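Working through the structure, step by step
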Amino acid sequence: MTFWLGNPSIRRQYNGTAYKNAINWARRTLCRLGAISVSLLLTGVFPAMGQTLTNDHWSIERLDVDTVRLTGPDGASAEFDIVFRVFLATRDPKPAKTEVAGTNYKGATSWISSVPDANSGIGNGDNQDQGDGFDPTVVTSPGKRTANLFAAAVSQEIRPIADNVETDGIVYQFGKDSAFVFSAKLGFDAETKIPLLTTTLTAATDACYSVAYTGAPATPFADTEQIWQPLIWQERRFPATSYLTAAYHCPVPSALVTRGEQTVGVVAHPAEFPFMPLPVFENSRFGVAVRNQDGDAQPILAAPILGGAGSKLKAGASTRFRFCPFVVKGDTTVAFEKIARDIYDFRDVRHNQIGSLNEAFENMVAYGMSAYSHFQESEKGCSYATDAPGTIKNVSSLSPLDIALTTDSREIWQRRAYPYIEYMLSREKFLFTTDESQKIQSPSYTLRGPAAPVSELVSLYRVSNQAAGGLLALAKSEFASSRVRNLEVSQKGDAWQNALHLYRATGEDAYLASAITGADDYIARRIEDLPEGFDDPDAAFNFWIGYAPRFVDLMWIYEVTREERFLDAAWKAARFYAMHCWMAPRIPDTDVTVNKGGKAPVYWYLAKRTKGPIKIPEETVPAWRVSAQGLTCESSATSTGHRAIFMANFAPYFLRLAWLKNDDFLRDIARGAMVGRWMNFPGYHMNTERTTVYEKPDYPLRPFEELSYNSFHFNHIWPLMSIVLDYLVTDAVTRSDGAIAFEREFIEGYAYLQSSFYGMRPGHFYGEKPVYLWMPRGLVDVSTSEVNYIVARGSKSLCLAFCSQGFESGAATVTLNTKLVPALADSTKTARVWVNNKPATPVEVVNGRFSIQVPAKGIVALVIDGVDVHPSFQEGFADLGENDVWRDAYVEFADPAARALVLNFGSAYRSLYVYLKDSKRDYASVRLYCTIGDRELKQVDNDFPWEFTVPLTADDKQINFVVEGTRPDGTVVRLAADTLPGGAK
């Protein structure tokens, strides 16, 4: 019987379950017979049951020759079988990146296989010439390929025929095979203390080999609560076939299945996922899957990837791999964090080694006003020639307005913010061109706006101190309709999010009731009842804000209502979103050398469009500096080309949620995304080899044709500034435990361009109120780069908060620019001080200079009393009240189609904006005749788009104007507008 059970030729006649049942039957039979002599023959096959190996955290209980029970430190327990499937291909299966059928994901693995496969699982899309981020090597048509792991090649299941419990683990023996020799050992990893399964396969013939571990608990999909396989199958979205995700696409290298109150996974050991070189498909040594051969949910790990790195073996050569069977109490989000923390050592490691975030912010502001930023002032927008030649793209006027107000810059208002506002009010979509032959990314060609969404119109209205009434009228109009603003994605006007924003503008209870009902419905269908497909009507394109629930929107309704259920839902949503953030590879506690040969790497998409590599000195830096941990790739479709993007708009929201929900994981992710990453606008993403080129203050200060390392989307520049400002403020708010706080507005934009707006919104600062952010360039100089700060002005005070980003306490000398604050010049002031929110010894400010001791990761706040601040731009902005609202600030005309708006942003910032909605083919020229009081003005526009801006003074009370257009055939069309008399209400 020993021979029969252990003989490979007999064993291969049975599937895994049948073979295991036979083993158990043999044991029971032998025990009943009391066959001592036969039992002695089987001593090596069946050691005593119930033996347990333990350490301080985990236990491994042997249940059978091929089954163990793992119990973790939290009490979670699951049975894992010692069972594998060996794949063998005598011809190169040529693994390739593959588009998943029915989705936008282009990161599955496929092979050329002779095994029949009815469901290849490969999409049929066209991957060529799709633009930046799309990998042209992705396979998008099946041909003779399969993306089904179990159809990749001929395979066989193997189980141990014997095991031996030793002091440091269980050693498993497997029967001999003509094609390979296989062995395995289960013990504990010496470093992480997690159970560790080590396998070794020695080839007996030249071939491509892969070993898939298939012994984790399997669950019928209907019985699962959650599943997860990067980068797309999350919550309860289950793959249609057994797709394999290669290592380079794994934020943590595992697949996860939640059943009941615990989650299981199989995790590649960190040593199998090296930090250098940068993980890519070609060097990925393993892959993970969540669907088994029977269609059940089961974490599977395959190594090597068949035909990939380390798979092609000569006879006598071996391949070895280590992985961790894993179980934890909680759902997939808990498991994700535990794997990140306990196995991949994710922790808060970043600090301001290269400079403070304030320095980076000020460098970005200067860059945004430079010619290098490619803002086309005559066209009122950012060049989008990087993606669609000849086009302009803006996403929100609130970002440059936020920066203009916070930095107190009239220049930014005049040259960026105000032109942005007109663009967003008039253009039909974010992307605009006057070249109607340009079709890339579906631009608009007419001024049939607003492109600005309801939330932006509301925020502009609120920022105007409710004086720009035309904006509210437009917002209500947009609420009653739908519009395509970006690409071909239609946005519904009366969404619950828009109802919430209109409530913020009007205070009307009907809007709030609609918002609450909509949010509750959203939570019920999107968070309580997790999606199983990709048909979420709120999903946006293929970005993670679509795949994960909308934590940003839920945070905003919590801010308005203070209902805890919305906060709880936002937190759960953010935890799902966090699973798209890179946690692996593990960051080594060593230095790495980058920029080898004195050159930065070149992004393959730009190789033919730029002048070659950027010259940069080779340098050796701590590995954490060039790690992607805390960032996400852009999307399912561009996850290879844009593998780790710097537009981490989630970071301020994660900080706030971490504070409100006491969640250190979200806090560490937020810091990992923002702290110590760059000193100017860094471009869009990390890609190709590891480098420090994007860190440098002068990185973006190059002609476009020299920017060869990563993509530049110039419409991202001002939104990233707003994200940085949002992070700086939120860091101070959360560290002060709410002693510092400011009202916010929502900058919607789209995708990763969302953030909060603080410019000219009132706040409080350790009892001082109202205070307003006031951070002109050059106001503060701090002797250490480890400190970030914010500054606000009160009626007779200057308020400063310093947030340490370092891991050690340190002294800082602060020098304030007395040219910007003359009240500090040649004087001594006394500042009230709080250290980590406790009152401390007052500090003397002498000629604008003082010293403080900042605790590690702590906050020091000062209020300097008796200081008059005289803003440059903020003064005169939004200084009008209810009695100053223009009576008729918005009017539409039908023939010809036109719109006129009085933009009333303050006594010093009023204007009339008039534009025609017709195309460039409808007129040869257009003229505006305007009478304002005793002034008569004429403006002529000979080039499309047809638009006019007329500055107004604080004393102007009435406007009469006529628009006159000349058709190409010489016909003159006149539009009388004496129905816009204006006058204050």
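What counts as what
Residues numbered from 1 in each chain as written. Predicted model: local features only at pLDDT ≥ 70, side-chain atom pairs only at ≥ 80, totals over all residues. Heavy atoms only, no water. Pairing = 2+ DSSP bridges. Helix = DSSP H or I, 4+ residues; strand = E, 2+ residues; numbered from the N terminus. Salt bridge = Lys/Arg side-chain N within 4 Å of Asp/Glu carboxyl O. Buried < 20%, exposed > 50% of the residue type's maximum accessible area, 1.4 Å probe, protein only. Contact = heavy atoms within 4.5 Å. Polar contact = N/O pair within 3.5 Å; in protein donor to acceptor, adjacent residues only side chain to side chain. Phe/Tyr/Trp six-rings, centres within 6.5 Å; stacked < 30°, edge-to-face > 60°. Lys NZ or Arg CZ within 6 Å of the ring centre and 35° of its normal.

Okay, the pairing of strand β28 (residues 482-486) next. In terms of strand pairing, β28 meets strand β29 (residues 489-492) through four bridges, oriented antiparallel. Residue pairing across strands places Val484 opposite Ser490, the latter belonging to β29. In textbook terms, the turn of a hairpin is the stretch between consecutive antiparallel strands, and for β28 and β29 this stretch comprises two residues, one of which, Leu487, has a positive phi near 50°.

Next up on the list: the pattern of salt bridges. Using the criterion set out here, one finds 59 salt bridges in the structure. With a closest N to O distance of 2.3 Å, Arg285 and Glu272 form a salt bridge. Residue Arg285 is found in the loop between β19 (262-268) and β20 (287-291), and its partner Glu272 is found in the loop between β19 and β20; the two are separated by 13 residues along the sequence. Using a relative accessible area of 4% as the deciding quantity, one classes Glu272 as buried. We note a salt bridge from Arg341 to Asp668, for which the minimum N-O separation is 2.8 Å. Taken together, the residues span a long stretch of sequence, with Arg341 in helix α5 (residues 332-343) and Asp668 in helix α17 (residues 664-674) at a distance of 327 residues. Where salt bridges share partners, they join Glu337, Arg341, Arg575, Asp663 and Asp668 into one cluster.

By the element assignment, Gln293 lies in the loop between β20 and β21 (297-303). For the pair Gln293 and Thr828, spaced 535 residues apart in the sequence, the C-alpha separation amounts to 77 Å. What Gln293 contacts, discounting residues up to four positions off in sequence, is Arg85, Phe150 and Ser242. Within the local environment of Gln293, its side chain forms a polar contact with the side chain of Arg85, the two groups lying 3.5 Å apart.

In this structure the tally under the stated criterion is 59 aromatic pairs. Their ring planes at 50° and their centres at 5.6 Å tell us that Trp556 and Phe746 sit as a pair that is tilted. Here Phe746 lies in strand β35 (residues 745-747) and Trp556 lies in helix α14 (residues 551-561), a separation of 190 residues in the sequence. No difference in accessibility class separates Trp556 from Phe746, as the two residues are buried. Consider the rings of Phe877 and Tyr909, whose centres lie 5.6 Å apart with planes at 50°: the pair is tilted. A residue pair is termed long-range when its members are at least 10 positions apart, and Phe877 in the loop between β46 (859-865) and β47 (890-894) and Tyr909 in the loop between β48 (897-904) and β49 (910-916) qualify at 32 residues. Overall, the relative accessible area of 7% leaves Tyr909 in the buried class. Within the aromatic cluster, the residues linked to one another by ring pairs are Tyr367, Phe681, Tyr699, Phe704, Phe712 and Phe714. One residue, Arg427, lies across the ring of Phe432, its end atom 5.0 Å from the ring centre. Positioned above the aromatic ring of Trp556 is the side chain of Arg744, whose terminal nitrogen or guanidinium carbon lies 4.6 Å from the ring centre.

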